Every structure is written in C-alpha cells, then in structure tokens.
Amino acid sequence: MKVPLRWLQEFIELPTTDPGELSLAFDMVGHKVEGFDTLQPAWTDVVVGRVETIDAHPDADKIRVCQVDTGRGPEQIICGAWNFSEGAHVAVARPGAVLAGGLEIGQRTIRGVESNGMICSEKELGLGEDHSGILVLDGEPELGREFSDLVELPDVVFELEITPNRPDAMSLHGIARDLGAYLGVDHTIPERVLLTVPGSVEIEVDIEDRQGCRRFTGREIRGVTIGRSPLWVRHRLAKAGVRSISNVVDVTNYVMLELGHPLHAFDADSIVGSRLVVKRAAVGEELETLDGETRVLTEEDLVIYDDEGPTSMSGTMGGARSEVSPSTTNVLMEAASWDPPTIMYMSRRHGLRSEASTRFERGVDPNLADAANHRAAAMVVELAGGTVPEGSLDVIGTRVDPVTVELAVSEVNRIIGPGFARDEVGGILERLGMTVEGEDPLRVLVPTYRPDVTRPADLVEEVARIHGYDKFDSTVPIGQTGGLTTEQRRLRRLQSALAGVGIHQAVTLPFVGEDDLVRLGMPIGDLLQVKNPLRDEEGRLRPSLIPGLLNAIRFNVSRGAESVALFETGLVFVARPSTLDPRLPEQAERLSWAIAGSFGPESLGVGIMEADGPLSFALLRHVGAVLGLTGLSLSPATPPGYHPGRAASIELDGQAIGHVGELSPTVARAYEIPGRVAIAELDLGPLLAPIGTPQASSPSVFPPADFDLSFLIDTGSAVADLMSTTIAAGGDLVESAHIFDVFTGAGVPDGDRAVAVRYRLRAADRTLTNEEVAPVRQAMIEAASAMGARLRGA
Amino acid sequence: MNPIKALEDALSGAALSIEAAGSIDELDRAESSLLGKGSPVGEVRRGMGGLDPSERPQVGARLNEVTESIQGLIAQRRVALELLEERSRLTDDRIDVTMESLGFPNGSLHLIQQTIDEVVDIFVGLGYRVADGPEAELGWYNFDALNTPPTHPSRLESDTVYLDYGATEDEVLLRTQTSPVQVRWMEQHQPPVYVVVPGKVYRKETTDATHLPVFHQVEGLAVDSSIRFSDLKGTLAHFSQEFFGPTTTVRLRPHFFPFTEPSAELDVSCFACDGGEPGCRICGGAGWLEMLGCGMVDPNVLEAVGYDPATLSGFAFGMGVERLAMVRHGINDIRHFVDNDLRFLSQF
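Participant: Quick question: what am I supposed to make of the overall build of chain B here?
Facilitator: Check the secondary structure of chain B and you find 12 helices and 10 strands. Its C-alpha atoms give chain B a radius of gyration of 42 Å, more than 25% over the compact-globule value 20 Å for 348 residues. Dimensions of chain B, computed from C-alpha atoms along their principal axes, come out at roughly 130 × 50 × 45 Å. A separation of at least 24 residues holds for 66% of the contacts in chain B among residues at least 6 apart in sequence. Working note: accessible area of chain B is about 15400 Å², and carbon and sulfur atoms make up 50% of it. The centroid of the 28 positive side-chain charges in chain B is displaced by 9 Å from the centroid of its 52 negative side-chain charges.

Participant: Even after reading the chapter, I still don't get the packing of aromatic side chains, so can you show me in this structure?
Facilitator: The relation between two aromatic rings is expressed through the spacing of the ring centres and the mutual angle of the planes. All names here are of chain B. For the structure shown, the criterion picks out 22 aromatic pairs over all chains. Seen from their ring centres, Phe123 and Tyr128 are 5.3 Å apart, and the 65° between their planes marks the pair as edge-to-face. Summarising the burial analysis for this pair, Phe123 and Tyr128 share the class buried. Taken together, Phe123, Tyr128, Tyr194, Phe239, Phe243, Phe244, Phe271, Phe315 and Phe317 form an aromatic cluster joined through their ring pairs.

Participant: Before we go on, may I ask you to explain the pattern of salt bridges in this structure?
Facilitator: Two side chains that carry opposite charge are able to pair once their charged atoms sit near each other. Residue and element names in this part refer to chain A. Tallied over the entire structure, the rule returns 81 salt bridges over all chains. Close ionic contact of Arg280 with Asp209 constitutes a salt bridge, the shortest N to O distance being 2.6 Å. Within this pair, whereas Arg280 is found in strand S15 (residues 275-280), its partner Asp209 is found in the loop between strand S12 (204-207) and strand S13 (213-222), the two being separated by 71 residues in sequence. With a relative accessible area of 25%, Arg280 lands in the partly exposed category. For Asp394, the salt bridge identified is with Arg215, shortest N-O distance 2.6 Å. One end of the pair, Asp394, is in strand S23 (residues 393-396); the other, Arg215, is in strand S13, with 179 residues separating them in the sequence. In this structure Asp394 comes out as partly exposed when scored by relative accessible area, which is 36%. Look at the salt bridges and you will find they share partners, linking Arg166, Asp168, Arg177, Asp178, Arg450, Asp452, Glu462 and Arg465 into a network.

Participant: Teacher, can you tell me more about the packing of helix H13 (residues 486-500) of chain A against helix H16 (residues 613-626) of chain A here?
Facilitator: Relative orientation and spacing of two packed helices are given, respectively, by the angle between their axes and the distance between those axes. Residue and element names in this part refer to chain A. Put simply, H13 and H16 touch, their axes get as near as 10 Å, and they point 140° apart. On the basis of the axis angle, H13 is oblique to H16. The way H13 lies across H16 gives a crossing that is right-handed. Here Arg493, Leu494, Ala497 and Leu498 of H13 come into contact with H16, specifically with His622, Val623 and Val626. The residue makeup of the contact of H13 with H16, split by class, is 5 nonpolar, 1 polar and 1 charged.

Participant: I'm lost on the sheet that holds strand S2 (residues 32-39) of chain A in this one. Help?
Facilitator: The strands making up a sheet are joined through hydrogen bonds of the backbone, oriented either antiparallel or parallel. Residue and element names in this part refer to chain A. Pairing in this open sheet of 3 strands is antiparallel, and the strands run S1-S10-S2 from one edge to the other. Because the sheet does not close on itself, it has two edges, and the strands there are strand S1 (2-4) and S2. Sheet twist, expressed as the mean angle between neighbouring strand axes with direction ignored, is 25°. Bridge count between S1 and strand S10 (residues 155-161): 3 bridges; the pairing is antiparallel.

Participant: Just to check I follow, could you spell out the sheet that holds strand S21 (residues 330-338) of chain A for this structure?
Facilitator: Residue and element names in this part refer to chain A. In spatial order, the strands read S14-S21-S13-S23; together these 4 strands make up an open sheet with antiparallel pairing. Because the sheet does not close on itself, it has two edges, and the strands there are strand S14 (264-267) and S23. Averaged over all adjacent pairs, the angle separating strand axes in this sheet is 20°, with direction ignored. Where S13 meets S23, 4 bridges bridge the pair, whose relative direction is antiparallel.

The rules we used
- Residues numbered from 1 in each chain as written.
- Chains lettered and ligands numbered in written order.
- Predicted model: local features only at pLDDT ≥ 70, side-chain atom pairs only at ≥ 80, totals over all residues.
- Heavy atoms only, no water.
- Helix = DSSP H or I, 4+ residues; strand = E, 2+ residues; numbered from the N terminus.
- Rg over C-alpha atoms; globule rule 2.2 N^0.38 Å.
- Contact = heavy atoms within 4.5 Å.
- Areas by Shrake-Rupley, 256 points an atom, 1.4 Å probe, with all protein chains shown as cover.
- Lys, Arg positive; Asp, Glu negative; His and termini not counted.
- Charge placed at Lys NZ, Arg CZ, Asp CG, Glu CD.
- Phe/Tyr/Trp six-rings, centres within 6.5 Å; stacked < 30°, edge-to-face > 60°.
- Buried < 20%, exposed > 50% of the residue type's maximum accessible area, 1.4 Å probe, protein only.
- Salt bridge = Lys/Arg side-chain N within 4 Å of Asp/Glu carboxyl O.
- Axes fitted to C-alpha atoms, helices over the stretch in contact; angles between N-to-C directions.
- Parallel < 35°, antiparallel > 145°, perpendicular 65-115°, else oblique.
- Left-handed = near helix turned anticlockwise from the far one by under 90°.
- Nonpolar A, V, L, I, M, F, W, Y, C, P; charged D, E, K, R; others polar.
- Pairing = 2+ DSSP bridges.

Shown next as structure tokens:
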C-alpha cells in the first residue's frame, strides 16, 4: 500500500518527518517499508495568482493580455489560453522560475507587449498531460502562496507491505492508529460534515445470501454534477497510486484509502426497478464489469441483481450497466461488507484483483460500513454537489460483534516476558483502540476492525509488537539431546566419499518428462502425477534419479564438457501406498550416479579411467567399503535403460537394493552423450542403516605365504563364484585373494577365460610351512574343479 | 718378487688408482684390480702358503695392514663418489614444479548440501536433532495442523501443487514448507523438542532468476516448558553470527504467519557494507537483509499435536537455503542451483 506522508499527517501528528526514522517505525510496527519515494516539485517560483483583468492584445488575436495579482499588485502577463475568465485563480510562474523540463521563465516582450511571467498549464508543471488550457485552481487559495503547497510537495510516499491478517491497516487511519500506538501519539480522522435533506433512499436491498453479505449500506446523492476532481484530490490519489476517474468515483477510492472500507457508486437511474438483491449467481449468467470484460458467472459468485439481472460483482468490481457516467445525476453510494473467502475465491476465479477485493478478502469491518458511506456522501456533495436524503439503507446479513478476550498478565510474561506489568499491557491494548477492563486477568474488548485478534495469544502479539521487538533481550535455550543420527552421519560420509573420488553432487528438479521415460523404457503405470502442473514438464514426479542426472550430463556436454561425473541423493515417487502413511504415495530416498567420459586420478588433464560398467562396479565396492557393508553381492540383470550385458542387480544381505552398471548405448545416444556412461541407483535406507560395531583383530606378525593359481573358466560363469568358492575352500588361513590377469586367446580354449589369482595365506600364530600350504592349495583347486574351473596347464 | 716389496708397491700405487676412479663402477673395478684375484696383493695372499715359515708372520702382518689401508682408501672414495652421484641425480631429476601433470579429480558437495550441513551443524551444536519427512504430504500436516484454515489462499491450486493420488479429502500435495515435519515430529516425540528439518519444498512458481518450483528450507522448532520470545531472538542471533560472521547484528520485525504468534521476520545486518552503504550490491543500501520467517508457536499448532499450550511454549523458524547461499556467495540467478553446470558446482 502506498502511503503519502502529508496525507497521513492529517491523521496523526508525527514527531518526525524524516523518511529513515519513519521507515524504521513502520518496519517495527509490522508494516514493512518496501521502499519510499521522495517527491519534489518539478518547478521553482510558481505561486497562486488571480486574474484581475483580461484585455485583447493590440497586435495578436490568439493571445491575450492579463493583469494577474500574485499578492503584490497586478502584473502583466501574456497568455495564449482561453479557458479562464477574470477572477480565475491560476498558477503563475514568476520571472526567474524554472518549470518542468527545465523551461526558464523570464521577463520578455511578446509582439511589443511586456509579459512578467507565465500562467501555467498542468503539463508545464509536470503534473499531468493536460495542455488544453491553463490550470484553473479550485476555490480561492491565498494569493502569492507557493503553488507546491496546493499539491502537497515536497512529499514522501512510502510503499508498505501490509500482512494479510490486517484489513484495518490497508488505510491511512489504520496505519495512523498503529503508528500512534507505537510512537505514543494520538491519531484522528479529519472531520467531514454531511448535511441531509428530508426523504430517504428509494431503492431497497434484499440480502438473500446472508452469509455472503454481512451488511449493505446505501445513500443516495441526488443532483450531482459529474466532472473532474479538484487538484488536491487528484494528486493525493495519484500519490497513492490510484487513477483519477471522475469526482464521484474518486470519492469512493479516496474514502477507501482513508478508512479502509471499499465503496461503490451506482448510477441510481441505471438500476432497473427499485430493488437490489444480493445472492449467488446462476451458472452461465453473464455480467459486463467496469473494465469492459464480460464475466461468465458460476453458482459460487456473489452478485448484486436488479430487476434486469446481475449488475455488480460483490466486493470485486461494479458492473458496466450501472456505472457512473458523465451524464449521471443521481448516485447510489454503496458500502457493503462481504464474506472474505467468498470474495477471495471469486476474485481468483475471475482473475480480477481490485483494491476492493484485496481488502474484502482480508475481512473488512462491517461496522465501519455506514461511517464510510456517510463520509463518502459528504465528500460527493462537496465535490459534485447534490443533496442527500436523511434516510439511508442499512441491511444486516450477518452481525459481527466485538469479542471479549481474557488475558492474564502471567500469560504475557510466559510467552514474551518477563517483566510486563498489568498497566503496560493494558496501556498498549488501549492505544490500539481496545477497551480494557479488570485488573488481572484483563478483560479486553476487541473492536471488529481487528478480526485477527480473537485469543490471548493474539493479544500477546499486539503487546510484543507495540512494545517493540527490538527491545527484547536475547537468550539461548540449550537443547538436551542433540546430534546427528547414525543414518545422518553415514549419509554425510557417503556423500563425502563420492565427492572425494571426484564426483559432483547434483540437485535436479524432482520431475520427469514423458520422453525421459520412453527413452529409458521405464514403466509409466506407477507414475505419481501432479493434478495442477504449471507446465507439462512439472506434471510427473520422478520414479528414478537417473533421468535427471542424464539430462544434467547432456546439459554439460552441450556446454563443452567432455567428462561429467554426477551423483544425487533424493526422493523418488511411486503411486502406491507408502509404508510411512498409507494415505501417502511411496517416496523412497535413493542414491544415483551417472558418469561419462574419463574419470579418476588425472594424467595431463585426463582421468586415467574411462566411465563404463566396470567403473560403476568399482564405485559400488567403494561405497560398500566406506559404509562398512560386507553383505553386498551382484548378480547379472537387465533393468530398463541399462546395457544388457553390463548391468547387475545389487543385494545387501539378501535384500534387493538397486542396480548398477552401464547405460544402454541406445539411451546414451538418445541423450546425446558420447561414449559409455556408468550408472547406478540404490535405495539409501538399507545402505545407511546402522551396522554392527566392527571388532578388531590384530594383524599377524608372521610372514605370508603367497601363491598364484590360473584357472580356465567358462565365460558364462561368474568369476565372483570362483573367488568365493576358492576362498571358502582355503579356510581361515586365506588373508587375501585378487585377480591379477584375465586372458582369452592363444592357448585358451574357445569359450573359456584364463583367470589368474594371487592368494595370500597367513597364520596368526606361526610361520606357515610348505607342508601346511600345499593341502590348502590343493583344496582350492579341487573346489574350483567342482564348479567347472580347471587349473590351467593341469 | 719380494712379497713385502710387492705389498709396498701396491700400497703406494693404490691411492692414485682409487682417486682416479670417477664413478662407483670404476671404483669397483679399481677395488678388484687392487685387492682381487690376480692383483699384486691377491698374489701375495695366494703365495702365503709357499713362504718360509719364518717369513710368514711378518708378511702376513704386513698383508693385513696393506689390505686394510687400501680398503680404507676405497671406502673413503666410495662415500665421496656416492655423494657426487646423488648430487648429479638430483640435478637430473629436476622438474618444472609449476607444470600440472598429475591430478586428483575434484568432486564436490552441492552448495545446497554444504549450506544445509552448515546450518544444521550450528543447531546441532545447540543441542538440536535433525529430522526429515515426506515431500508428498497430506493437507492436514501441511496446512490444518499448522493453523491454516481451509479457505486460506495459499491452499488454492494456483499456489500449491496437488497430486493426482489418494482420497480427495486427504489433499495429497507437495509440501509447500518443511513445517509439516514439525507436526509429525511432535506427534511422535514428547517435549522438550529441539529439532531442525532441512528439505525440499514445492510452490507453483514460474521459473525465473529468483524463483524455482522446488527449493530448500531449513525449519527449526523448539518446544519446552519455558521458551520465550527472547529465546527465539537469541537463538537466531547466534545462528546469524555463526553463519554470516561474528559482527552480524539482527533485528526482528513483526510479520504474519498462520502458525506462529507473535510472528516475525528476521533481518541480518548486511555483511558486505556493514550497514547502509548507498547502492551496496548485496543490500541495496538498506543495511539489512531479509533472511527468514519465525515466531512463537501458535497455541493451535501445539493443540493439534496434543501438546498442552498452557504449560508448553516454543518458537519456530524457517529459512530458504537458496536465499542464504545466494546472499552469502553473491549468486545472482537461482537457476544455477539446478542447472548442475560443473563450472558452477566446482566453485564451492
């Protein structure tokens, strides 16, 4: 909300006008200053003058010679405008004045006649575009008075953020009340007197929807003259960011800005019949609003009908049919109060947010309606003439009464204390317009303009706010049993380890495109769909982290990267009941990686490994080692999107936890990623679950016995089986075993691989003798043979 | 030849040939020609058996003396030569130390992760636990239990992402804040509660330089028997000083949130200009940076989880992780966080 300082000063005597100090006060009272503009007149030396006489120019017929009094006797000014007559009050730029755009005014002679200054138009003053004639001032302002005074310049306009719980603060009066309470100064409403004539409103109102319409008040103003508002009204509105329309319409906005209650002016003669009915619309009914749009109504829309049909949308925008026009002579001024959610839904439904709707959806005080109406009627008479019959309309739909809230001083001190005394609490609440009775607890009568205050906690907030958040101490409570859980610590360890080997953690948007699923051959059936996506790309939640990572690789490749290594941890979603809460869809935390290009320790800028299936398996073993997992095992698998010969499913202690391997080359091509891509996706839960505490075994001090065995094994068999079988056959003496050569070709039968393994045996308590080693070796060979692996050369 | 004479000749000639050896190899050869088989000294040793027994002690004694002397000279020369050779190897080994030939790959934790970890650690230091919860959440946890009425505009489909799943009355949605985890935590734990909740949140936002449909928050909650407003203020002041630096000052400004009462926004003093430098690139001259929302837990929230609001009180706060990181690291476009451009990721 825009708040012009000099207008605000009509409501409150501020102890300072310094914009910085006032900004702090606005901030601290809860109406954050988004910014402020300091407005300066675009001119110097322009004063009020009165045109005493007008004579023809002896030598020119388009310009006239005026004698203008600016408070020091008549001075001669030549003027080319014709829209004024003798006696008009005008803005006079004296010789030496500088006008908007830098125009300097001097004494000069025009066709032989001397001119001592200039009578100004709005445009020349930078106040508007009107250049059709000079600016004729309203009323009889004092001659010689600085013209800038009339438009309240200089001025400061504050842009305030009003929180959605404060309908009352969307007005100068409400702001003044809050500021006054905080600064300890009084606030007031400048008086406007309405003189009425006998008679009453000739229109009736019938509120059919009493929940939707809380109150409807109306006054008629008869015999108005629609025209332009006076300068001061137009410029106050302009500073507040409201466009001037006509005197009557401007009054509705002006009073709304002052009091916070929106108003609407009907052309009373355009209302068909003599009865307005407030009710919900029929589906498909149409109403043309003031902005020229035709609105198709729904049965939830609350509308004002006359005998011909809908004529106004409640609380959001009036209808074109009963709009005030230049020919309007009789006005029905409406100040009605509406159910906040009804207006909120209606304005969103129609994409129609107006000054009125933003106030009504916060909850405008129905008990303010008649005061606003009264004030508006008085102002219409002042600006547009006319008379107001004393009988006004006032129909109550739903009564809203002040509430009484009991507040114990101890409750204040429990939440924001210590140290608040009864009188301090009571004093603050009274300054906010509340009525306080009783000693302790205080019985607080909350006015209806504060619908946000209904409970002791709400009063406590008011006390804190007006006391000043900056005046509270700073203390720190200490929690008792903090710390990360084992899973949280293991996750950090895992993430650090992956970063440590050279993988970057990615954060991708958790949505998935349909094209991603098609490319990867992932099933679409279980996808969790968004009901109201903003964009199609945000319509499906990811069932896998892989697509997001592949898209990130593609993005990097498109920007020139040759090697990209990414991992991500995050939730994936499936549309079936969650184990956490059966009402929710399944959402499991996963770890994935996707690596393309070269990888690992670098030589001359290039990683010494290439991303491919074996790299993925190595990373998985690394993850297992880092997390101390001993029960990881792989078996060949063909999950969607993977290279069918280079993928495995992963089990941890017999439980399936994901897949690891290489991306299918077809998929890689579809993602425009050159070369092979190492990928994996694992459930984080089982990976991070606490493991048993490892127990130490002291390293043996005795020398090892090493020997190599070279086996011929069918390429269709798993080498892992060979390793586990021979290690098991070797018994407790086996310290380590690793493959040091794999060979096919000359000397190896077709369909076989030669796999050379180095075994190391060691005893904890003695040096092994050849006699001890030989049978172990033999047992290994026999075990291998039993599974179809022959000793090479045997 | 007289063996004694032969030994004396060998000894007098030895120094010269040992000095002449310019490398360890040459020295080894010199050693062999001075003391080895076929050398004059070697010949004397070999001929010892044929000597007259009366000569033997004298020749034997001299043989040992001469052998030891020559060996001494060789050992001396060997040390000198080894030193020389090592010195020349060091010269040959010289490399251009400024050339990067080998490297370890630089992986990284995402800046979001680093920021979350840092924030979480500050609160862990104050005795908080860390919780997480579902991102697809029920309307009850995301809104109702947090004192947000059914007619609140934030529940409109224009603001919140709803899922095509489950019963209509369950309002399955993508959580708009991490606060529902507060509720789940309180349902499962008895007070006192000190917990922080990092995680993803979702809003129906059009992506631009300052908005993403998905971003991260860290939520904090403390509920205990005597938590007051000053505790909120002090806790966030401590956090801000840990995160932004020890000279950081904070202020709380009244604000409105459905789930706290009183509510506040926290401003921290600008760390770039130290307050109010006109046109500061970080704070724009305001001197303050709007950092997070907070407040005292609304009694309705405590009641919704079965806590007694008459005896318990608490505070809660929620901060945007991207905002924290953007402010601290001078990041001008929030989309950098999800582009995953390696050149961005590897800066942190």
